[in-house]
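As a plain string of letters, each chain reads:
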Amino acid sequence: ALPIFKPWREWNVGVNFLTNLHCGADESRIFCAKHDPPDVLYQKGRFEIKEIMDRHRRRHDEVKASRLPAVGQSTRPQTVTYIPQSLTPDVVGRLVLAELNRLSFKPTYTAATRSNTDLLFYVNLLEHWFEEGPVPCSSLFSGFGWRSVSAVIASSTSLVLFADGDATPFLQANAGKIRER
């Protein structure tokens, strides 16, 4: 991706997440951070954005493929049929836990950085449909040292999985809740 696109993409994830929480966030007050981490700032929230995608899928592959000339194909697009899979809070929680385990080995995220940073996952899975269900216990996410752990699913659903006592009040107030636009 172009370097200029990354901050916009992260800002957009932050805007979607905060809009879904109904915390009164004005997008003109949501900023890209100059130094990473974090990626996005809003009030006292310091959001590090991470994306969860389908296995073997790379960001922007669909866009790149659409730009290739269709040799020997009709101009009519092919109809693709699929059966959407359920994406429950439990499934989101398991995906987030797998990423948390992977991130715990990255030297960028020291204990001091994690304790002052709100980790936000953008769950970007194809052929999935969010389905409400029980939210995983926050204790599953508390041992990784992040100030809070949240997810935004397909831009219209937000889920705060964990928020410690130092997290901003709007994250604490939404902990364990499914919030939709």
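Residues numbered from 1 in each chain as written. Predicted model: local features only at pLDDT ≥ 70, side-chain atom pairs only at ≥ 80, totals over all residues. Heavy atoms only, no water.

Draft legend 1. Highlighting the pattern of salt bridges. Within the structure shown, the criterion is met by 7 salt bridges. In this structure, the salt-bridge partner of Asp 39 is Lys 6, at a minimum N-O distance of 3.9 Å. Of the two residues, Asp 39 is situated in the loop between strand S1 (31-32) and strand S2 (40-42) and Lys 6 in helix H1 (residues 5-21); the sequence distance between them amounts to 33 residues. Residue class for Asp 39 comes out buried when judged on its relative accessible area of 5%. For Lys 6, a relative accessible area of 33% gives the class partly exposed. (Salt bridge = Lys/Arg side-chain N within 4 Å of Asp/Glu carboxyl O. Helix = DSSP H or I, 4+ residues; strand = E, 2+ residues; numbered from the N terminus. Buried < 20%, exposed > 50% of the residue type's maximum accessible area, 1.4 Å probe, protein only.)

Draft legend 2. Representation of the sheet that holds strand S3 (residues 45-53) within the structure. The strand order across the open sheet formed by 7 strands is S1-S2-S3-S5-S7-S8-S9, and the pairing between neighbours is mixed. Two strands close off the open sheet at either side, each with one partner strand: S1 and strand S9 (178-180). When S3 meets strand S5 (residues 118-124), the two strands line up parallel, connected through 7 bridges. Among the inter-strand pairings, Glu 51 is bridged to a residue of S5, identified as Tyr 122. (Pairing = 2+ DSSP bridges.)

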